[in-house]
Amino acid sequence: MRKIKKIKARQILDSRGNPTVEVDVITNNNVLGRASVPSGVSKGKEESVELRDYGESFLGKGVFKAVQNVNKIIAPELIGKSVLDQEYIDQLMLDLDGTKNKKRLGANATLGISLAVTKAAAKELKLPLYKYMGGISSNILPVPLINIINGGKHSDSSIPFQEFMIIPVKANNFFEAIQMGHKVFYQLKDILHKKGFSTNLGDEGGFSPSFNNIEDVLDNLLEAIHMSGYEPYDHIGLALDCAASEFYQDNQYNYSKFEKVKEREIRKSREEHINYLSYLTKRYPILSIEDGMDQNDWEGWKLLTHEIGKEVQLVGDDLFVTKEEKLSQGIKKGIANSILIKVNQVGTLTETIKTVNLAKKNRYNNIISHRSGETEDTFIADFSVAFNTGQIKAGSINRSERTSKYNQLFRIEEILGNNSYYPGWIFP
């Protein structure tokens, strides 16, 4: 019968020690699907609502309201429904909420159920999760964009850009790609230590030293790549997440919001900011730039796409917030060429899949992504293989909430054996 017998939600802690939602879905065959919901600190303005309590519990960050919405409002409506009917269940939750951005029930409530349902369904059919979602053609292991330096809101560093990542472009398989990332990561640690920099870690496991500016970061990354025995571009490329919305003020890009400034503020106009990004791509082996412009600076996005969009992967995160409607607008305007996929930005699996498929149809790259507040849930690893997205952001190669995703991909690659395929870098 494979019907839902019980749904139970609870509060657990994420990687930052803040509460988040975990949901158990149990079928009449006593099969358990369990999912936990990630949380971001740098958020797009049009993300679906992550419901918080805003009381005294956990400094206002408790999620008891979302948990109660699962247990008291949504669960009674889903008891007896088949776990195999994902779209029906997700639509039922959307109807129950009745708002555009899930502000009544909370996207953290709906997503917990949505993912737990699909996990229960896969177990009922005795299929690996990636194969249940994607079918027999799911065999592409994603290229990891490995976080190595944290800046912006993800650390106490003075660097305005939020993430600096390395991309193992010439690995033979996923396991080798992580080996390459591991070697560069620890080579960089030695370099930082010898230069007297802190090797403390940011939210996503990357180092967070207080460099003077962005080029200092990139120069040290190049040094680590060379000292690891690799060649930039040929073996390992770089990726940036500017998170430009975090330092966009009064129609300018205010680098001095984070950077060390001696005599004057570092403010750049839209054109100056674009020129600087273009300069960086010519000087360094940068293959991908995420959120290079503010989420509301659509004119800036047009200019940036025109300037470097044919050579560099330009990824919309805050710009598109994993929503089909927002991506459609970007496609029509010719803005960016890729989208970051975060399941909690939209709040159900069905909506996420629709966005992924729209991107594929229009030749926009999909990059499946974690959040800065993560759990040990490995769903995004299976999801990346299920839909052959070809890229994943799961953080650095330390901390269990990050490595759990890589470990799951190791398992999937082992299961697929000779049928697995590691594409390397395929853009442009």
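Residues numbered from 1 in each chain as written. Predicted model: local features only at pLDDT ≥ 70, side-chain atom pairs only at ≥ 80, totals over all residues. Heavy atoms only, no water.

## Focus on a nonpolar patch on the surface
Here's step 1: Taken together, the side chains of Leu84, Leu125 and Leu127 define a hydrophobic patch exposed on the protein surface, amounting to about 200 Å² of accessible area.
Here's step 2: Looking at the secondary structure, you find leucine 127 in the loop between α3 (107–124) and α4 (129–134). (Patch = residues over 30% accessible without salt bridge, like charges linked within 9 Å, V, L, I, M, F, W, Y side chains within 5 Å. Areas by Shrake-Rupley, 256 points an atom, 1.4 Å probe, with all protein chains shown as cover. Salt bridge = Lys/Arg side-chain N within 4 Å of Asp/Glu carboxyl O. Helix = DSSP H or I, 4+ residues; strand = E, 2+ residues; numbered from the N terminus.)

## Things to note about the sheet that holds strand β5 (residues 163–168)
Within a sheet, adjacent strands bond to each other through the backbone by hydrogen bonds, running parallel or antiparallel.
Here's step 1: Read around the barrel, 8 strands follow the order β4-β5-β6-β10-β11-β12-β13-β14 and close on themselves; strand pairing throughout is mixed. Neighbour to neighbour, the strand axes of the sheet diverge by 30 degrees on average, direction disregarded.
Here's step 2: Of the strands in this sheet, β10 (286–290) and β11 (313–316) touch helix α8 (residues 298–308), which is tilted by about 160 degrees from β11.
Here's step 3: Set on the sheet, helix α11 (residues 349–361) makes contact with β12 (338–341) and β13 (365–369); between it and β12 the angle comes to about 165 degrees. (Pairing = 2+ DSSP bridges. Axes fitted to C-alpha atoms, helices over the stretch in contact; angles between N-to-C directions. Contact = heavy atoms within 4.5 Å.)

## Some thoughts on the layout of surface pockets
Here's step 1: Taken as a whole, the largest pocket spans an internal volume of roughly 450 Å³.
Here's step 2: Secondary structure elements with two or more residues in the lining of the largest pocket: α2 (86–97), α9 (324–333) and α11.
Here's step 3: Class assignment for the residues of the lining of the largest pocket results in 2 nonpolar, 8 polar and 13 charged.
Here's step 4: Each pocket or cavity is described by its volume, and for the second largest pocket that value is around 260 Å³. (1 Å grid on protein atoms, 1.4 Å probe; cavity = no way out; pocket = protein on both sides within 12 Å on 5 of 7 lines; lining within 4 Å. Points joined across faces, edges and corners; volume = space filled by probe spheres on them. Nonpolar A, V, L, I, M, F, W, Y, C, P; charged D, E, K, R; others polar.)

## What to know about the side chain of aspartate 90
Here's step 1: Note that aspartate 90 resides in helix α2.
Here's step 2: It is lysine 354 that comes nearest to the buried, bridge-free aspartate 90 among opposite-charge side chains, at 8.8 Å.
Here's step 3: Excluding its chain neighbours within four sequence positions, the residues that come into contact with aspartate 90 are Ser114, Thr348, Leu349 and Thr350. (Buried < 20%, exposed > 50% of the residue type's maximum accessible area, 1.4 Å probe, protein only. Lys, Arg positive; Asp, Glu negative; His and termini not counted.)

## Considerations on the nonpolar core
Here's step 1: With 122 residues, the main nonpolar core has Phe161, Phe164, Leu218 and Leu280 as its most contacted residues.
Here's step 2: Discounting residues that sit within four places of it in the chain, phenylalanine 161 has contacts with Gly151, Gly152, Ile214, Leu240, Asp241, Cys242, Phe247, Tyr255, His273, Leu277 and Leu280. (Core = buried A, V, L, I, M, F, W, Y, C linked by side-chain atoms within 4.5 Å.)

## Comments concerning the pattern of salt bridges
Here's step 1: Within the structure shown, the criterion is met by 22 salt bridges.
Here's step 2: Close ionic contact of lysine 326 with glutamate 46 constitutes a salt bridge, the shortest N to O distance being 3.2 Å. In this pair, lysine 326 is assigned in helix α9 and glutamate 46 in the loop between β3 (32–36) and α1 (64–78), connecting sequence segments 280 residues apart.
Here's step 3: With relative accessibility at 8%, the residue lysine 326 sits in the buried group.

## Here we look at the packing of aromatic side chains
Here's step 1: Applying the stated criterion across every chain yields a total of 16 aromatic pairs.
Here's step 2: On the numbers, 4.4 Å between centres and 20 degrees between planes, the contact of phenylalanine 185 with phenylalanine 207 is stacked. Here the residue phenylalanine 185 occupies a position in helix α5 (residues 174–194), and phenylalanine 207 occupies one in the loop between α5 and α6 (214–227), the gap between them amounting to 22 residues. For the pair formed by phenylalanine 185 and phenylalanine 207, the shared burial category is buried.
Here's step 3: Members of the aromatic cluster, connected to one another through ring pairs, are Phe161, Phe164, Phe247, Tyr248, Tyr253, Tyr255, Tyr276 and Tyr279.
Here's step 4: Sitting over the face of the ring of tyrosine 255, lysine 268 holds its NZ or CZ atom 5.2 Å from the ring centroid.
Here's step 5: Taking NZ or CZ as reference, lysine 268 lies 4.9 Å from the ring centre of tyrosine 276, over its face. (Phe/Tyr/Trp six-rings, centres within 6.5 Å; stacked < 30°, edge-to-face > 60°. Lys NZ or Arg CZ within 6 Å of the ring centre and 35° of its normal.)

Bear in mind that shape data such as this cannot, by itself, settle questions of function.
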